[in-house]
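Descriptive structure summary
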Amino acid sequence: MQAIATLLTFLFWGIADLFYKLGNQGEGNRNHLKTGVMVGLVMGIHATYLLFTTNVSIHIMDLIKYLPVSLCYITSMVIGYKGLKYLELSISSPIQNTSGVIVALLFIIFFKEHYDLPFYIAVASIFIGIISLSIIGLETNKKERKEFNKKNTFQKILTLTILFPLGYCLLDGLGTFLDGIYLDKLKIIGEDPSLIAYEYTFALYGIVTFIYLKIKKEKITISKEKPKLAAALFETAGEIFYVTAMSGNSTIAAPIIGSYCVLSMLLSRIFLKEKLSKKEYACIFLVLVGVIILALLDV
């Protein structure tokens, strides 16, 4: 069940990433905030649905207990939404997703875990493939970055092209590491309470953001935010399976889930007509080989 949940998370978050890109292609400096509102709306509805249709109970202490994890994820996602607008100028989306590999290595170090050679081959395959995609991305987008550098201050360049991706990587990695501890290693909280706690925390963020946008006289019309809404639906669907995946063998689940960027790249090639070079296809293949090996190890 854990292997299936892990692969479904990989699938849903890869699709969500495609819609995040679509939803943040328009003009405006507050698109990332609108995305957060849509995700908060969907997650809030889903959490409420769970409370009224299942026997799951949650207490205020569950929200507080899980708050460090929720804050890591929500902050990293808001950074990620903002960075989508400057994706072609940054050190690229893939480098953000190295956090899954790093987290797996941290679990091995801190919890003294031991795995056979195929595990390390798979993790190395994923890491090399993702890093290679980032390097290729830097080479491919030299012209765009030069134009961007001419028009903006050094501080803005540094923030949007380096600090944003690295900030996402560190916060997302910390959230995943804490999730592995909470759900798998120490069993601090159950799957359902953690899911509801996270979704209600995100819903609260969405409400606060919505009020801020209203104060700024920024209109949000759901019918005009269909890509953001679709992203929120797939994000929430992935979250449902994510807690199951991380409550099993989180050391294996983390690098698989973190690799969803390669699925997003393939979907972007198909639906957004984004071009991929032979080198990028080779790197994606390398990552997918690692994902398949890890999935088989988790069966």
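Because the structure is predicted, anything quoted here is derived from the model rather than measured.

With that settled, consider the overall build of the protein. Looking only at helices and strands, the protein features 13 helices and zero strands. Mapped in sequence order, the helices and strands of the protein form the string α-α-α-α-α-α-α-α-α-α-α-α-α. Considering only contacts within the protein whose residues lie at least 6 apart along the sequence, 88% involve residues at least 24 apart. When the accessible area of the protein is evaluated, it comes to approximately 14400 Å², of which 69% is carbon and sulfur surface.

Okay, the layout of surface pockets next. The space that makes up the second largest pocket amounts to roughly 160 Å³. Considering the residues around the second largest pocket, the lining is formed by Val-37, Met-38, Gly-40, Leu-41, Gly-44, Ile-45, Ala-203, Gly-206, Ile-207, Phe-210, Ile-220 and Ile-222. At six residues, the largest contribution of residues to the lining of the second largest pocket is made by helix α2 (residues 31-53). When its residues are assigned to classes, the lining of the second largest pocket shows nine nonpolar, three polar and no charged.

Take the packing of helix α10 (residues 226-247) against helix α11 (residues 250-258) next. Where α10 meets α11, the closest approach of the two axes is 7 Å, and the angle between their N-to-C directions is 140°. Looking at the two axes, α10 sits oblique to α11. Where α10 approaches α11, its residues Tyr-242, Ala-245 and Met-246 are matched on the opposing element by Ser-250, Ala-253, Ala-254 and Ile-257. Classifying every residue of the contact of α10 with α11 gives six nonpolar, one polar and no charged.

Relative to each other, α11 and helix α13 (residues 278-297) sit at 150°, their axes nearing to 10 Å. Relative to α13, the element α11 lies roughly antiparallel. Here the hand of the crossing between α11 and α13 comes out left-handed. Touching Ile-252, Pro-255 and Ile-256 of α11 are Val-291, Leu-294, Ala-295 and Leu-297, all from α13.

Turning next to empty space enclosed by the protein. Here the structure, examined in full by the defined rule, presents two cavities of 30 Å³ or more. In this structure, the largest cavity spans a volume of roughly 430 Å³. Met-77, Asn-97, Tyr-168, Asp-172 and Tyr-260 are the residues nearest the centre of the largest cavity, which is lined by 27 residues in total. For the lining of the largest cavity, the secondary-structure elements that each account for two or more residues are α1 (2-23), α3 (60-84), α4 (93-96), α5 (99-110), α8 (154-185), α10 and α11. With six residues, α3 is the single largest residue contributor to the lining of the largest cavity. Its residues placed into classes, the lining of the largest cavity shows 13 nonpolar, nine polar and five charged.

Tracing the backbone through its elements, the reader meets Ser-259 in the loop between α11 and α12 (260-271). Classification of Ser-259 as buried rests on a relative accessible area of 0%. Between the C-alpha atoms of Ser-259 and Ile-284, which are 25 residues apart in sequence, the distance is 9.5 Å. With residues near it in sequence (within four places) discarded, Ser-259 still touches Phe-10, Ile-126, Ile-130, Val-287 and Val-291. In terms of polar contacts, Ser-259 uses its side chain to reach the backbone carbonyl oxygen of Pro-255, at 2.6 Å.

It is worth spelling out the pattern of salt bridges at this point. Tallied over the entire structure, the rule returns six salt bridges. With a shortest N-O distance of 3.0 Å, Glu-218 and Arg-30 are connected by a salt bridge. On the criterion of sequence distance, the pair formed by Glu-218 in the loop between α9 (191-215) and α10 and Arg-30 in the loop between α1 and α2 is long-range, its members being 188 residues apart. On the basis of relative accessible area, Arg-30 is assigned to the partly exposed category, the value being 26%. Put simply, Lys-185 and Asp-184 hold a salt bridge, and the shortest N to O gap is 3.4 Å. A relative accessible area of 19% places Lys-185 in the buried class. Residue Asp-184 is classed as buried on the basis of its relative accessible area of 13%. The network of salt bridges with shared partners includes Arg-30, Lys-34, Glu-218, Glu-225 and Lys-228.

So, how was this worked out
Residue positions within a chain follow its written sequence, with the count starting from 1. Restriction of local features to residues with pLDDT of at least 70 applies here, the model being predicted, together with a cutoff of 80 or more for giving and counting side-chain atom pairs; totals for whole chains, interfaces and linings are based on all residues. In computing side-chain values, all of the structure's heavy atoms are included and hydrogens and water are not. Put simply, DSSP marks the helices as runs of H or I at least four residues long and the strands as runs of E at least two long, and each gets a number from the N terminus on. Only heavy atoms enter the contact rule, under which two residues are in contact if any of them lie within 4.5 Å. Computed with a 1.4 Å probe, the accessible areas rest on the Shrake-Rupley method; for each residue, only the protein chains presented here act as cover. The way it works is a 1 Å grid over only the protein atoms, where trapped points that fit a 1.4 Å probe form a cavity and open points with protein on both sides within 12 Å along at least five of seven lines form a pocket, and then any residue with an atom within 4 Å of a point lines it. Grid points are joined across faces, edges and corners, and a volume is the space filled by probe spheres set on the points. Each residue gets one label: Ala, Val, Leu, Ile, Met, Phe, Trp, Tyr, Cys and Pro are nonpolar, Asp, Glu, Lys and Arg are charged, and the others, such as Gly, are polar. Think of each axis as a best-fit line through the C-alpha atoms, taken over the contacting stretch in the case of a helix, with angles from 0 to 180 degrees between the N-to-C directions. Any angle between 65 and 115 degrees counts as roughly perpendicular, while under 35 counts as roughly parallel, over 145 as roughly antiparallel, and the rest as oblique. Definitions for this section: a left-handed crossing has its near helix turned counterclockwise from the far helix by less than a right angle. A right-handed crossing has that turn clockwise. When a residue's accessible area, from a 1.4 Å probe over protein chains only, is under 20% of the maximum for its type it is buried; when over 50% it is exposed; and in between it is partly exposed. Pairs of N or O atoms within 3.5 Å make up the polar contacts considered here, provided that, within protein, one atom can donate a hydrogen while the other can accept it, and that residues adjacent in sequence are counted only when both atoms are side-chain atoms. One side-chain nitrogen of Lys or Arg within 4 Å of one carboxyl oxygen of Asp or Glu is enough to make a salt bridge.

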